[in-house]
Amino acid sequence: MPFANGDRELLAFPQKRALIVMTPRPPQLETPFAVFDDGVLTPNDAFFVRWHLAGIPQSIDASTHRIVVNGAVQRELTLSLRDLAAMPAVEIVAVNECSGNSRAFFHPRVPGGQWGNGAMGNARWTGVRVRDILDRAGLLPNAKQVQFRGLDEPVEPPTPAFRKSLDVDVARGDDVIVAYLMNGQPMPLLNGFPVRLVVAGWYATYWVKMLSKITVLDHVDDNFWMKTAYRIPDTPNAGVAPGSTGFATVPINKLAVRSFVTSLTDGAAINAGPAVLRGIAFDGGSGIRSVEVSADGGASWRRATLEQDYGKYSFRRWTFQWNAAPGAYVLAVRATSNDGSTQNATPIWNAGGYMRNVIETYKVTVS
Ligand SMILES: Nc1nc2c(c(=O)[nH]1)N[C@H]1C(S)=C(S)[C@@H](COP(=O)(O)O)O[C@H]1N2
Ligand SMILES: [Mo]
């Protein structure tokens, strides 16, 4: 679905406002970018949706839903939502971004869902630490990875069920939770009701929805979704020259630092005089140190003001006072995170169309 084919259709699925339909089955719905200007948290009904497999339950009884914990553990567990509610609750505001967000902008073009920039969202997630669950089960000494799966099923048997795994030390991190609330509400079915994994700072592929099974593995997971799919070149910024081969790959992991203008779009026309530009920035969990704006296509930069801090995994809103004289401009925005990583003017390329984080630019006419 190249953009050249024209505007994409909007359609409202259950519990959702009208979103951009990439595929109806399985549902892959993109958030219209204007939503990100409305507030720092993405409303549940506007939050993007991505499923790989079309065998998705269309209703789930939360009272009978169970999460089985098995594998390399001392005690197998079967947890209800009531059991989770009785455990210590954790709240994290975190960005859920698809690995392939912005894939449609890759040149040369790559196969896969042709997402614009709206395959991401920021929400307040409430749930229970995976660590607390694992401690209840008791890890055996040979525990290596923790595998997560949900209730969705392939349409045909040869397709492998969707399963994602984290190294034990990652799974036991402070900010890896089994979430039962999204912005204080039960999450929409399409976002994983009644419980989903939240791996704050990591790409959404690990945020397994409709979580039903946690299996502790004594080996590195070699299922399709870990061994073949969702791997990135083991190179700086995950970039390679188009068509190149022979590089090592690793499973995709932390979010690349990004920033966007949300208060205007590419091609905007505005009035001369004082204007407030607004936008968002985020990274994989070191937090945003600074955001800079350029009105001359990146030749010179000035600092934006960072707004309220919702924590190191959240969108960070920023504002910038721009006193624009009549003329044609190329605005650019660049974020730097606390770990020193920043954005480049030249986009990366890889065959998966993953981890795009180029400096975004916006042509603006002022009159
Ligand atoms: N059970 C299950 N969980 C899943 C997936 C899936 O196909 N099945 N897709 C993953 C991917 S690749 C993404 S981008 C996110 C999307 O989360 P959302 O639909 O809540 O926006 O879910 C992740 N969790
Ligand atoms: Mo994704």
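Per chain, residues are indexed from 1 in the order of the written sequence. The naming scheme follows written order: chains are lettered A onward, ligands numbered 1 onward. Reporting in this predicted model follows two pLDDT cut-offs: at least 70 for local features of residues, and 80 or more for side-chain atom pairs to be given and counted; totals over whole chains, interfaces and linings ignore these cut-offs and use all residues. By convention in this description, side-chain values take in all heavy atoms of the structure and omit both hydrogens and water.

Engineer: So, the overall build of the chain: which residues are in play, and what are the values?
Structural biologist: Segments assigned H or I by DSSP are reported as helices when at least four residues long, segments assigned E as strands when at least two residues long, and all are numbered from the N terminus. Each helix and strand counted, the chain has four helices and 24 strands in total. C-alpha atoms define the radius of gyration, and 2.2 Å times the number of residues to the power 0.38 defines the globule rule. Relative to a compact globule of 367 residues, whose C-alpha radius of gyration would be 21 Å, the chain shows 21 Å and is just as compact. Projecting the C-alpha coordinates of the chain onto the three principal axes gives extents of approximately 70 × 45 × 40 Å. Relative accessibility thresholds used throughout: buried, under 20% of the residue-type maximum; exposed, over 50%; partly exposed, between the two (1.4 Å probe, protein chains only). Across the 367 residues in the chain, those meeting the buried criterion constitute 54%. Every residue pair with non-hydrogen atoms within 4.5 Å of one another is taken to be in contact. Across the chain, the fraction of contacts at a sequence separation of at least 24, relative to all contacts at a separation of at least 6, is 70%. Accessible areas in this description were obtained via Shrake-Rupley with a 1.4 Å probe; residue shielding takes into account the shown protein chains only. Carbon and sulfur atoms make up 51% of the accessible area of the chain, which totals about 15600 Å². For the purpose of charge, His is not counted, nor are the chain termini; Lys and Arg are scored as positive and Asp and Glu as negative. Charge placement uses NZ in Lys and CZ in Arg. For Asp and Glu, CG and CD serve respectively. Of the side-chain charges in the chain, 36 are positive and 32 negative, and the distance between the mean point of each set is 0 Å.

Engineer: Please set out the nonpolar core residue by residue, giving values where relevant.
Structural biologist: Formed by 108 residues in total, the largest nonpolar core has its most connected members in Leu84, Trp125, Ile133, Trp318 and Trp322. Among the elements that line this core, the one with the most residues is strand β11 (residues 176-182), at six residues. The residues that make up this core include at least three from each of domain 1 (11-229) and domain 2 (258-366). Not counting residues within four places of it along the chain, the set of residues in contact with tryptophan 322 comprises Ile270, Gly273, Pro274, Ala275, Leu277, Ala295, Tyr329, Leu331, Val364 and Val366. As used here, the term nonpolar core means buried Ala, Val, Leu, Ile, Met, Phe, Trp, Tyr and Cys residues forming a set that is joined through side-chain atoms within 4.5 Å. Boundaries between domains were set according to an automatic or database domain assignment.

Engineer: Talk me through the sheet that holds strand β4 (residues 49-50); I want residue IDs and the actual numbers.
Structural biologist: Where strands meet in a sheet, backbone hydrogen bonds hold them as pairs that are either parallel or antiparallel. When DSSP finds two or more bridges between two strands, those strands count as paired. Taken in spatial order, the four strands of this open sheet run β1-β2-β3-β4, and their pairing is antiparallel. The sheet is open, and its two edges are formed by β1 (10-12) and β4, each paired on a single side. Of the strand pairs in this sheet, strand β3 (residues 28-30) and β4 are connected by two bridges, and their pairing is antiparallel. Across the sheet, the residue bridging to leucine 29 is valine 49, located in β4.

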